Amino acid sequence: MALLFAFGCGFAATRVGLPAVVGYLVAGVIVGPFTPGFVADRDLAPQLAEIGVILLMFGVGIHFSLRELLVMRKVAVPGAIVQSATATALAVLVTSYWGWDFRAGLVLGFAVSVASTVVLLRALIDRNLIDSAQGRIAVGWLVVEDLFTVIALVFLPVLAAGEPTSLGSLAGTIALTLAKVTVLVVGTVFIGARVVPWALVQVSRTGSRELFTLSVLAVAFGVAFGSAEVFGVSMALGAFLGGLVVGESELSHRAAEEALPMRDAFAVLFFVSVGMLFDPSLLAQAPLQLVAIVAIIVIAKPIAAFAFVAVLGHPTRTGLVVAAGLAQIGEFSFILAELGDDLDLITPEAHGLILAAAIVSITLNPLLFAMIEPLEAWFRRRLETRRGAPEVVEGGDADGVPPAGHVILCGYGRVGRLVAAALEHQRVPYVVVEQDRDTVDKLRTSGIPVVQGDAAERALQEGVLHLEGARLLVLAIPDPIATRQIADSARH
């Protein structure tokens with residue numbers, strides 16, 4: 001019934017120009033206990049939704065590499081700390097004005113600081129951004145927030161006890177939790193990365209497609225469940241690590257294809273289960289409080305994320321994508337709110353406000369993604385006005401770029417590296433255009449001509465890259481929107 005209502009409401013939403021996810025949420029409200037008519041199973045729905053979360057994170061892990069994850073830590077770890085601290089501090093400040101207990105403000109702060117896995121990944125997948133530099137940073141950020149949630153779940157029972165002597169015990173518990181996570185990651189990466197790829201090859205040799213599909217699902221759910229039961233982390237994090245292991249196999253693409261249909265179906269059930277939690281009467285009971293909480297999620301959090309990414313020198317588009325992707329809350333927030341309610345740290349009304357804020361933020365999230373291009377254009381115009389000329393490049397110059405007869409290679413990922421190797425073999429001069437600062441530094445150290453910046457910039461194309469004299473322009477970036485922009489600008 002949930003899938004039936006989700007299909008009808010999702011189709012209706014797309015027909016009127018809204019994202020399908022809004023229809024899924026409405027379907028959840030319709031089959032929820034707070035509206036008349038059919039009521040779906042409230043216990044079964046979140047369990048089925050958990051399957052969607054596991055498969056989503058497993059698929060992301062397959063496309064991630066350990067090297068990329070380590071690179072993302074330079075942005076993801078401090079960025080997640082800054083954004084989480086900002087959201088928590090604002091929540092405590094606002095709730096103290098309302099007269100809430102300090103501990104209730106902390107619970108609210110923890111809940112609004114962690115983004116939804118499903119919402120972020122669904123948004124990145126729908127826009128073909130999951131393999132882009134922006135998408136990798138956002139996913140790395142999400143993994144760090146997941147770890148913070150694990151620590152927060154350890155912290156809340158101690159907070160409920162309210163004993164000063166419990167601080168030492170809290171530090172020991174958190175240290176033990178971090179040690180468990182470390183053992184999990186090391187064991188999964190260094191042991192699983194050798195065993196699982198070998199096992200998948202052996203299964204593929206049997207020629208049984210259903211057995212191979214079963215082996216993929218066994219890895220995804222086995223690692224997820226084992227991580228949760230033995231190491232106390234979320235199933236989503238465990239599934240991500242399982243995907244990292246499978247990604248080391250030569251059969252990784254086939255494994256991703258096998259899990260794709262189930263992933264999409266169960267991800268839909270996640271949004272339905274969220275909608276079932278929503279009580280529409282809360283909109284009338286505490287509208288101003290709900291607006292304030294939503295403002296922290298969709299305004300304060302994105303601004304903090306964008307500012308941090310910009311300070312690190314990443315392009316404007318990267319900051320906007322990361323900010324939009326994390327401007328919502330979901331499943332981890334529900335877990336924190338549920339525990340806070342059980343421990344009497346927050347009232348049932350506060351619990352309801354967190355759920356309502358999640359619904360509103362998830363509904364608004366597609367609109368934030370739609371604002372990325374207009375905002376990027378606005379920032380570009382502001383820079384042009386301030387400087388008197390278009391923004392050329394951050395740290396780039398024309399040194400080493402031939403005036404003619406060269407190849408301009410946009411992007412130095414997996415495909416870009418292959419193209420560069422072929423050009424070097426043919427002794428064709430080329431210059432790389434790359435936005436990731438770490439990659440640029442490595443290329444400069446290797447003596448490869450590289451310019452950091454946005455290849456769509458006219459001033460960069462004409463004044464630095466000498467596009468008019470180039471032999472070839474190669475677009476090797478996994479971002480279809482940026483690809484079209486660069487191609488249109490180059491043709492012009």
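Residues numbered from 1 in each chain as written. Predicted model: local features only at pLDDT ≥ 70, side-chain atom pairs only at ≥ 80, totals over all residues. Heavy atoms only, no water.

Draft legend 1. Main features of the overall build of the protein chain. Secondary structure assignment for the protein chain yields 21 helices and four strands. For the protein chain, the C-alpha radius of gyration of 24 Å lies close to 23 Å, the compact-globule estimate for 492 residues. Expressed as lengths along the three principal axes of its C-alpha atoms, the size of the protein chain is roughly 70 × 60 × 55 Å. Looking at the protein chain as a whole, 51% of its 492 residues are labelled buried. (Helix = DSSP H or I, 4+ residues; strand = E, 2+ residues; numbered from the N terminus. Rg over C-alpha atoms; globule rule 2.2 N^0.38 Å. Buried < 20%, exposed > 50% of the residue type's maximum accessible area, 1.4 Å probe, protein only.)

Draft legend 2. Structural context of a nonpolar patch on the surface. A contiguous nonpolar surface patch, about 380 Å² in accessible area, is contributed by Val 186, Phe 190, Ile 191 and Val 195. Along the chain, Val 195 turns up in helix H8 (residues 166-204). (Patch = residues over 30% accessible without salt bridge, like charges linked within 9 Å, V, L, I, M, F, W, Y side chains within 5 Å. Areas by Shrake-Rupley, 256 points an atom, 1.4 Å probe, with all protein chains shown as cover. Salt bridge = Lys/Arg side-chain N within 4 Å of Asp/Glu carboxyl O.)

Draft legend 3. Inspection of the pattern of salt bridges at higher detail. With the rule as written, the count across this model stands at three salt bridges. Among the ionic pairs, Asp 101 bridges to Arg 103, the shortest N-O distance being 3.2 Å. The residue Glu 376 makes a salt bridge to Arg 317 at a minimum N-O spacing of 3.4 Å. Remark: Arg 317 occurs in helix H14 (residues 316-325) and Glu 376 occurs in helix H17 (residues 372-387); sequence separation between them is 59 residues. Here Glu 376 falls in the buried class, since its relative accessible area comes to 7%. Judged by relative accessible area, Arg 317 falls into the buried class, the value being 6%.

Draft legend 4. Region of the structure containing the nonpolar core. Judged by nonpolar contacts, the single largest core of 125 residues is most densely connected at Trp 141 and Phe 271. When sequence neighbours within four positions are dropped, the list of residues in contact with Phe 271 reads Val 21, Tyr 24, Leu 25, Val 118, Val 119, Arg 122 and Ile 362. Val 428, Tyr 430, Val 432 and Leu 443 belong to the second-largest nonpolar core, a separate cluster that totals 14 residues. (Core = buried A, V, L, I, M, F, W, Y, C linked by side-chain atoms within 4.5 Å. Contact = heavy atoms within 4.5 Å.)

Draft legend 5. Up close: the environment of Gly 243. Counting through the fold element by element, Gly 243 comes out in helix H10 (residues 235-247). Sequence spacing of Gly 243 and Ile 62 is 181 residues, and the spatial spacing of their C-alpha atoms is 4.3 Å.

Draft legend 6. Here's a closer look at helix H16 (residues 348-370). Taking 1.5 Å per residue, 23 residues should reach 33 Å; H16 reaches 34 Å between its end C-alpha atoms and fits that length. Leu 364 marks the point of greatest bend in H16, at about 35°, and the proline Pro 366 comes within the next four residues. (Expected span 1.5 Å × (residues − 1). Bend = angle between axes of the 7 residues up to and from the residue.)

Draft legend 7. Just the sheet that holds strand E2 (residues 430-434), in detail. Spatial strand order, E3-E2-E1-E4: four strands in an open sheet with parallel pairing. Two strands lie at the open edges of the sheet, namely strand E3 (450-452) and strand E4 (472-475), each paired on one side alone. Looking at each pair of strands side by side, their axes are set apart by 20° on average, direction ignored. Across the face of the sheet, helix H18 (residues 414-425) comes into contact with strand E1 (407-410), E2 and E4 while running at roughly 160° to E1. (Pairing = 2+ DSSP bridges. Axes fitted to C-alpha atoms, helices over the stretch in contact; angles between N-to-C directions.)

Draft legend 8. Focus on the packing of helix H9 (residues 209-231) against H10. Here H9 crosses H10 at 135°, and the two axes come no closer than 7 Å. Relative to H10, the element H9 lies oblique. Between H9 and H10 lies a crossing whose hand is right-handed. Seen from H9, the contacting residues are Val 219, Ala 220, Val 223, Ala 224, Phe 225, Ser 227 and Ala 228; seen from H10, they are Met 235, Gly 238, Ala 239, Gly 242 and Val 246. Looking at the contact of H9 with H10 residue by residue, the classes come out as nine nonpolar, three polar and no charged. (Parallel < 35°, antiparallel > 145°, perpendicular 65-115°, else oblique. Left-handed = near helix turned anticlockwise from the far one by under 90°. Nonpolar A, V, L, I, M, F, W, Y, C, P; charged D, E, K, R; others polar.)

Draft legend 9. Looking closely at the environment of Ala 304. Position of Ala 304 among the secondary structure elements: in helix H13 (residues 287-311). For the pair Ala 304 and Ala 323, spaced 19 residues apart in sequence, the C-alpha separation works out to 8.0 Å.

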